[in-house]
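Examining the three-dimensional arrangement
This is what each chain is made of:
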Amino acid sequence: MATDLVEINVEEPQPEALERAAAALRRGRVIAIPTDALYMLVADPFNLRAVAGVFKAKGREPHRSLPILIRDTLMAEELASELNNRFFLLARRFWPGPLSIIVPASARVPLKVTGNTGRLALRHARSIVADKLITLLNQPLISTSANISGHPTCHSGIEVFGMMDGRVDLVLDGGVCTGQGATTVDITEPMWRVIKTGAVEESEIAECLS
């Protein structure tokens, strides 16, 4: 599979570039896009062929869950079996932004997306490209770092193309992403915990939840 590289303006995304990306996602393809937390691979979480394509593109172990990008808390309510008070406190404080919140998944979400854990990491990115794609498709998107597992996350579209050429259908090149990766916090247990450190500090989460 040859990978296409298409330039996109991250502040004012060109409609033709967005439509091309949306068309690929509708066909069950995996593409890479720039976000506020570096470049991400995105795909349709309800298409099992697309889900398998993400695992294959990254060389990711099937027991690891795939985070999901959403555009608002209403979308979160559709994907989670329940949302507690911690979720709404964190979402109000840090979204849109680089914080993924792990919640119990609803039955609507394929078990394979959750890595057979029944839990799901949700994030509303501060990204016009991501929000416009989600709006175009009217659905959430799988969103995992644009790299082969074990390799560094890519900061530019050219880096993604160099690493993922032949593994993904399309790379939307928005230049260099200067943000850090997202922090991931698990709020499904009685005691919340940070699973992955990133742009949001653990102390900021503690302050929010205190």
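What comes next is a walk through the structure.

**A look at the overall build of the chain**
When its secondary structure is counted, the chain shows 7 helices and 10 strands. Here the chain has a C-alpha radius of gyration of 16 Å; the compact-globule value for 210 residues is 17 Å, and the two agree. Taken along the three principal axes of its C-alpha coordinates, the chain extends 50 × 30 × 30 Å. Classification of the 210 residues of the chain by burial places 51% in the buried group. Once local pairs closer than 6 in sequence are excluded, the contacts in the chain between residues at least 24 apart make up 66%. With the model as given, the accessible surface of the chain reaches about 9,600 Å², and the carbon-plus-sulfur share is 50%.

**Here we look at the sheet that holds strand 3 (residues 38-43)**
Taken together, 10 strands build an open sheet; the order of strands is 1-8-2-3-7-4-6-5-9-10 and the sheet is mixed. Either end of the sheet is taken by a strand with one partner, and the two such strands are strand 1 (4-7) and strand 10 (193-196).

**Points about helix 5 (residues 128-137)**
Along helix 5, the residues that are buried comprise V129, A130, L133, I134 and L137. The arc that holds the buried residues of helix 5, viewed along the axis, is 130°, so those residues lie on one side. Of the surrounding secondary structure, the elements contacted by the buried residues of helix 5 are helix 1 (15-26), strand 2 (31-35), strand 4 (68-69), helix 3 (73-79), strand 7 (141-145) and strand 8 (170-173). Two residues or fewer after helix 5 comes N138, characterised by a positive phi angle close to 55°.

**Remarks on the state of the cysteines**
Under the counting rule described, the total for this entry stands at 0 disulfides. C154 takes part in no disulfide bond, and the closest cysteine sulfur to it belongs to C177, at a distance of 10 Å.

**Here's the deal with the layout of surface pockets**
In this approach a probe as big as a water molecule rolls over the atoms, and the regions it shows empty are the leftover space. A volume near 700 Å³ is recorded for the largest pocket. Forming the walls of the largest pocket are 34 residues, and the residues nearest its centre are R60, R64, P67, T184 and K196. Among the secondary structure elements, those contributing two or more residues to the lining of the largest pocket are strand 3, strand 4, strand 5 (99-104), strand 6 (119-123), strand 7, strand 9 (183-186) and strand 10. The element best represented in the lining of the largest pocket is strand 6, accounting for 4 residues.

**A closer look at the packing of helix 1 against helix 5**
At a minimum axis separation of 10 Å, helix 1 and helix 5 run at an interaxial angle of 55°. When the axis of helix 1 is compared with that of helix 5, the two are oblique. By crossing handedness, the relation of helix 1 to helix 5 is classed as right-handed. From helix 1, L18, E19, A21, A22, L25 and R26 reach across to helix 5, where they touch V129, K132, L133, L136 and L137. When grouped by side-chain class, the residues that make up the contact of helix 1 with helix 5 number 8 nonpolar, no polar and 3 charged.

Criteria and cut-off values
- Residues numbered from 1 in each chain as written.
- Predicted model: local features only at pLDDT ≥ 70, side-chain atom pairs only at ≥ 80, totals over all residues.
- Heavy atoms only, no water.
- Helix = DSSP H or I, 4+ residues; strand = E, 2+ residues; numbered from the N terminus.
- Rg over C-alpha atoms; globule rule 2.2 N^0.38 Å.
- Buried < 20%, exposed > 50% of the residue type's maximum accessible area, 1.4 Å probe, protein only.
- Contact = heavy atoms within 4.5 Å.
- Areas by Shrake-Rupley, 256 points an atom, 1.4 Å probe, with all protein chains shown as cover.
- Pairing = 2+ DSSP bridges.
- Arc of directions from axis to C-beta.
- Disulfide = S-S within 2.5 Å.
- 1 Å grid on protein atoms, 1.4 Å probe; cavity = no way out; pocket = protein on both sides within 12 Å on 5 of 7 lines; lining within 4 Å.
- Points joined across faces, edges and corners; volume = space filled by probe spheres on them.
- Axes fitted to C-alpha atoms, helices over the stretch in contact; angles between N-to-C directions.
- Parallel < 35°, antiparallel > 145°, perpendicular 65-115°, else oblique.
- Left-handed = near helix turned anticlockwise from the far one by under 90°.
- Nonpolar A, V, L, I, M, F, W, Y, C, P; charged D, E, K, R; others polar.

Nothing here speaks to function; it is geometry throughout.
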